[in-house]
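This is what each chain is made of:
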Amino acid sequence: MKKAINRYQCGNYQKNDTEFDSLTGLYHKAAFFRKAQERVKQSCGFCLVAIDIGHFKLYNKWYGREQGDRFLEGLGAFLKEESDQRGLLCGYMGGDDFAVLLPDDGISVHKLAQNVTDYTGKHGNRGMLAVFGICSIKDPDIEIPAYYDCALLAQSQARGNYACRISWYEEAMLHGMEEEQQLLGEILEAFEKNEFIVYAQPQCNIVTGKIVGLEALVRWKHPEKGIVGPSVFIPLLEKHGLITALDVCVWEKVCAGIRAWIDEGRRPVPVSVNLSRHDIYAMDVVAMFNDLVRRYRLDPSLIEIEITEGTYVQDYEKIIKVVDELHRSGFMVWMDDFGTGYSSLNMLKNVSIDVLKLDMKLLSLDIRSARKGMSILEAVVRMASGLGMKMIAEGVETREQAELLLDIGCLYAQGFYFYYPEGEEELRHILSGEERIDYRGILAKPIQLLDVTGLTGRDAGCELFLNHVLGGIAVYDMYEGRLELKEVNTQYYRITKEDPVDLEEHRKDPADSVYEPDRGKFSGLFVRAEQEPEGAVGRLRWLCADGSILRVLFRVYFAGEYEGHKVFYGMIKETRPRSLLFCRSSERSRSEGRKELP
Ligand code: C2E
Ligand code: MG
Ligand code: MG
């Protein structure tokens with residue numbers, strides 16, 4: 001308290017000829033402080049209340065300034081009446097702020113709060129909930145503005161709390177504010193000393209485990225505390241409007257890093273960077289990114305911009321424009337943290353997003369009991385692909401989550417299961433193994449996904465179930481003797497461990513998936529299937545993406561012929577249980593080359 005008080009010198013406020021505010025009829029700020037000071041010197045047992053009218057700005061926006069003024073005028077008259085009847089002292093502090101000096105008896109404050117709340121509800125609108133910060137006046141010699149500051153601090157604690165709109169000042173609040181100020185000072189110093197560094201976390205293809213991109217994540221390399229995560233400093237920088245400087249610094253480091261990588265003769269992978277919602281107001285984001293790629297001579301497709309879902313909702317109109325301009329400049333735009341609470345599926349159809357980043361919280365569903373959650377996930381993946389968006393899940397920590405994602409058709413993931421965010425040295429090591437990277441990236445086209453519910457005419461909700469029951473299914477088209485793979489279901493690539501992007505690329509040579517000595521047998525099954533209503537079945541050795549060989553039972557059915565195109569269904573089942581998808585390095589013994597025949 002003493003520190004807050006010291007900030008106020010005597011005579012900080014001056015006597016003004018007109019003591020009353022013309023709109024509200026109450027004492028204006030300086031007069032209120034003066035009158036309150038006189039009163040606390042005459043007798044003790046007072047407290048000071050700072051009142052703020054929640055959502056008043058919105059009220060002004062909806063109903064016009066004129067009506068806003070009428071509301072303030074009415075509230076002023078109401079408070080004046082209260083003060084006349086109950087001996088209070090009321091002041092108008094500007095904007096939508098009022099102050100009241102009243103007896104610190106535990107009753108008066110609550111009565112005042114109730115009356116003001118009733119008044120705003122009745123004469124304003126129901127969204128306008130007043131919020132009250134209160135400070136007891138212990139020492140009449142302390143300047144009233146210092147008490148008012150403390151009441152404001154208390155008020156700020158109650159602002160986001162809709163259950164309790166009254167907050168009393170406590171000494172700890174000031175400590176909290178002081179600590180915040182100190183941390184802010186340290187952060188600014190760290191900024192000057194260039195202590196912010198960029199970590200990056202790989203983004204992977206779930207089937208192959210190969211890296212398709214990186215996400216840049218800022219870290220503070222603290223001289224004593226070591227590596228400090230962004231949750232410590234980003235909220236504070238955002239609060240104080242300083243996040244943009246940090247973001248620009250991160251983007252610059254990312255571009256410089258990619259340029260250095262290219263100059264070493266290496267092939268770069270795309271890097272996604274985070275954009276704070278404050279950035280779109282603080283600067284011309286598009287001009288900034290254009291300038292960066294020009295200065296570092298980079299293809300804009302190497303930079304992907306992650307914008308959180310909340311930003312799309314809260315700053316909708318502004319963001320639509322920014323996204324369009326970023327696209328026109330050749331940058332990819334991602335929606336980060338999809339599913340964290342603001343989700344509006346309707347909004348998705350209006351924004352042109354390249355990649356939807358599903359938040360880990362949606363994945364933390366209890367797999368056994370969350371059938372509904374699964375259906376939602378499935379629907380989101382289906383919708384994203386219907387809207388031409390790619391999908392990646394973030395925060396994938398377990399093999400079960402990765403399997404689940406593949407089941408519902410999400411091919412990409414980022415999370416501790418694959419890699420942790422790493423610093424430069426470790427990243428260099430990871431990226432030096434070219435076989436760990438899939439340069440086709442997240443935007444590569446995968447094979448068309450077969451809708452098994454379409455085959456059976458069942459509801460979408462049971463797709464997962466059907467996929468498991470039916471096993472791996474592939475649809476083939478034979479035209480003029482040439483066999484082509486058209487579509488597969490999710491179980492197909494889970495069983496074969498074939499990468500859906502590879503499958504798309506080798507669609508026209510489906511026999512390539514079969515171990516060479518068995519390819520004749522594979523083709524023969526299609527010839528036999530055409531003659532046998534029961535289909536043709538055979539044991540084959542399948543080549544998997546990781547080089548291993550899988551023994552399968554492959555059954556082919558002839559579905560019919562249309563304008564020279566013969567359609568076949570292939571059903572694949574493993575004859576021996578085995579691991580189904582990419583395993584992280586600790587769990588697997590992944591040989592670099594093709595494995596020997598079992
Ligand atoms: P984000 O953009 O959603 O980044 C993903 C966060 O999830 C990262 O946290 C990452 O370390 C963490 N993560 C990754 N895999 C897993 C996992 O398997 N499990 C769990 N529990 N967490 C995982 P981090 O690095 O602490 O960053 C937190 C947030 O801070 C980021 O969330 C992003 O919103 C923000 N951020 C990070 N760097 C920057 C930056 O340079 N600028 C801005 N504006 N924001 C940044
Ligand atoms: Mg992100
Ligand atoms: Mg995220």
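An account of the accompanying structure is given in this report. Here the structure is a predicted model, which means the values were calculated and not measured. (Residues numbered from 1 in each chain as written. Chains lettered and ligands numbered in written order. Predicted model: local features only at pLDDT ≥ 70, side-chain atom pairs only at ≥ 80, totals over all residues. Heavy atoms only, no water.)

**Description of the overall build of the protein chain**
Looking only at helices and strands, the protein chain has 23 helices and 21 strands in total. For the protein chain, the residues scored as buried account for 50% of the 598 residues in total. Of all intrachain contacts in the protein chain linking residues separated by at least 6 positions in sequence, the fraction that spans at least 24 positions is 65%. (Helix = DSSP H or I, 4+ residues; strand = E, 2+ residues; numbered from the N terminus. Buried < 20%, exposed > 50% of the residue type's maximum accessible area, 1.4 Å probe, protein only. Contact = heavy atoms within 4.5 Å.)

**A word on the pattern of salt bridges**
Counted under the stated rule, the structure contains 31 salt bridges. With a shortest N-O distance of 3.8 Å, Glu424 and Arg428 are connected by a salt bridge. In this pair, Glu424 and Arg428 both sit in helix H18 (residues 424-432), 4 residues apart, roughly one turn of the helix. With a relative accessible area of 58%, Glu424 lands in the exposed category. For Arg428, a relative accessible area of 30% translates into the label partly exposed. In this structure, Arg507 engages Glu504 in a salt bridge whose closest nitrogen and oxygen atoms are separated by 3.6 Å. Each member of the pair Arg507 and Glu504 is classed as buried. Bridged by salt links that share partners, the residues Lys445, Glu484, Lys486, Glu504, Arg507 and Lys508 form one connected network. (Salt bridge = Lys/Arg side-chain N within 4 Å of Asp/Glu carboxyl O.)

**Quick notes on the site of ligand 1**
With respect to spatial proximity, 22 residues lie near ligand 1, and among them Arg219, Asp247, Asn274, Glu397 and Phe416 are the closest. The separation between a nitrogen atom of ligand 1 and a polar main-chain atom of Val218 is 3.1 Å. In the complex, 80% of the free accessible area of ligand 1, which totals 790 Å², lies under the protein chains. Those elements that provide at least two residues to the shell around ligand 1 are strand S8 (211-222), helix H8 (230-239), helix H9 (243-263) and strand S12 (332-338). (Near = heavy atom within 4 Å. Polar contact = N/O pair within 3.5 Å; in protein donor to acceptor, adjacent residues only side chain to side chain. Areas by Shrake-Rupley, 256 points an atom, 1.4 Å probe, with all protein chains shown as cover.)

**Concerning the coordination of the magnesium ion (ligand 2)**
For the magnesium ion (ligand 2), the full set of protein donor atoms is Glu215 (OE), Asn274 (OD1), Glu306 (OE) and Asp336 (OD), and the range of their distances to it is 2.0 to 2.3 Å. Mapping the donors of the magnesium ion (ligand 2) onto the primary sequence gives the spacing E-x58-N-x31-E-x29-D. The metal-metal distance between the magnesium ion (ligand 2) and the magnesium ion (ligand 3) is 3.9 Å, with Asp336 coordinating both. In this pair, Asn274 sits in strand S10 (residues 271-275) while Glu306 sits in strand S11 (residues 303-308), placing the two residues 32 residues apart along the sequence. Assessed through its relative accessible area of 1%, Glu306 is described here as buried. (Donors = N, O, S within 2.8 Å, 3.2 Å for Na, K, Ca; no water.)

**Quick notes on the pairing of S12**
Put simply, side chains in a regular strand alternate between the two faces of the sheet. Across the 7 residues of S12, 6 count as buried, placing the element largely inside the fold. Both S11 and S12 contribute to a ladder of 5 bridges, which runs parallel. Across the sheet, Ile305 pairs through a bridge with Val333, a residue of S12. Here 3 bridges tie S12 to strand S13 (residues 355-358), and the two strands are oriented parallel to one another. Looking across to S13, one finds that Trp334 is bridged to Val355. (Pairing = 2+ DSSP bridges.)

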